[in-house]
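Geometric and topological summary
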Amino acid sequence: MRRRPLTYRTADASKLQGSRLMRRLRDTRGAFLAEHLMSVIFIGLLCVAISAGIGAALSSYRGVTQATDANMLLSRSIEAVKYELDYSLSPPAPFGSYAAYVSPTTHTNVQLSSDDRGIILKGEGIGQDGADSLVLVPSTNGLSHKIVFMQSGGTFVFQIEIYQQGTLVESQNIVVNRVMG
């Protein structure tokens, strides 16, 4: 019996390669490593996104808190200064950075002004332990005051400015309507 030489048909060769391709596609070796790598990459990207969001939220919170603190300090300052000047026992005399009058709080001659401690009353022996100054509204949370007095045509006006590290944050002009004589 004579043997025929082996010849492959092209169809058989494609079947052989197709089965080899199918075997490689079905092979799951290394898939576990690839899945873990994709999970680690996804978790890393998620952490980056969350940390950026937290940073933005904290920055926004700080800005809102500083604005609120400045607004509260301005309100307290206006209330205290307006009371002092509305109920002063003598007409206030403005001198730019301070006003001189008889205070309804201390019943003495005082000068109302501002410095790094806040809005202060200066007068002889009016402070704690006989000091010559009394802090009317203290500076808080890194905020500072500046008060300017003006007189325009018989009307007494003062402006309170609130600063955060040298930058103007809040400001308001107030007209004084004296209640006392």
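Conventions used here
Residues numbered from 1 in each chain as written. Predicted model: local features only at pLDDT ≥ 70, side-chain atom pairs only at ≥ 80, totals over all residues. Heavy atoms only, no water. Helix = DSSP H or I, 4+ residues; strand = E, 2+ residues; numbered from the N terminus. Contact = heavy atoms within 4.5 Å. Patch = residues over 30% accessible without salt bridge, like charges linked within 9 Å, V, L, I, M, F, W, Y side chains within 5 Å. Areas by Shrake-Rupley, 256 points an atom, 1.4 Å probe, with all protein chains shown as cover. Salt bridge = Lys/Arg side-chain N within 4 Å of Asp/Glu carboxyl O. Buried < 20%, exposed > 50% of the residue type's maximum accessible area, 1.4 Å probe, protein only. Pairing = 2+ DSSP bridges.

1. Examining the overall build of the protein
- Within the protein one finds two helices and eight strands.
- Of the contacts formed within the protein by residues at least 6 apart in sequence, a portion of 38% connects residues at least 24 apart.

2. As for a nonpolar patch on the surface
- Nonpolar side chains collect at one region of the surface, where Phe42, Ile43, Leu46, Ile50, Ile54 and Leu58 lie side by side and expose about 600 Å² of accessible area between them.
- Here Leu46 lies in helix H2 (residues 31-86).
- On the accessibility criterion, Leu46 (43% relative accessible area) is partly exposed.

3. Quick word on the sheet that holds strand S1 (residues 93-94)
- Pairing in this open sheet of five strands is antiparallel, and the strands run S1-S2-S3-S4-S5 from one edge to the other. At either margin of the open sheet sits one strand with a lone partner, and together these are S1 and strand S5 (133-138).
- Relative to S5, strand S4 (residues 118-122) is paired through five bridges, and the arrangement is antiparallel. For Lys122, the partnering residue across the bridge sits in S5 and is Ser133.

4. What about the pattern of salt bridges?
- Counted according to the given criterion, the structure contains two salt bridges.
- With its nearest N and O atoms 3.4 Å apart, the salt bridge here joins Asp86 to Lys82. Residue Asp86 and its partner Lys82 are both found in helix H2; the two are separated by four residues, about one turn of the helix.
- Assessed through its relative accessible area of 11%, Asp86 is described here as buried.
- Taking the relative accessible area as the measure of exposure, Lys82 reaches 24% and is therefore partly exposed.
- The residue Asp115 makes a salt bridge to Arg117 at a minimum N-O spacing of 3.0 Å.
- Among the residues examined, Asp115 registers a relative accessible area of 24% and is labelled partly exposed.
- Exposure remark for Arg117: the relative accessible area of 36% places this residue in the partly exposed category.

5. Structural notes on unusual backbone geometry
- For Asn141, which is not glycine, the phi torsion reads 50° and is therefore positive.
- Look at Gln165: it is not a glycine, yet its phi comes out positive at around 50°.
- Tracing the sequence through the fold places Gln165 in the loop between strand S7 (155-164) and strand S8 (167-176).
- We classify Gln165 as exposed; its relative accessible area is 72%.

6. Some remarks on the pairing of strand S3 (residues 109-115)
- Judged from the four bridges that link them, strand S2 (residues 99-102) and S3 form a sheet pairing that is antiparallel. Within S3, the position partnered with Val102 by the bridge is Asn109.
- Hairpin connection of S2 to S3: six residues between the antiparallel strands, including His107 at a positive phi of 55°.
- In the sheet, S3 pairs with S4 via five bridges, with the strands oriented antiparallel. Within S4, the position partnered with Ser113 by the bridge is Ile120.
- The antiparallel pairing of S3 with S4 creates a hairpin that spans two residues between the two strands.

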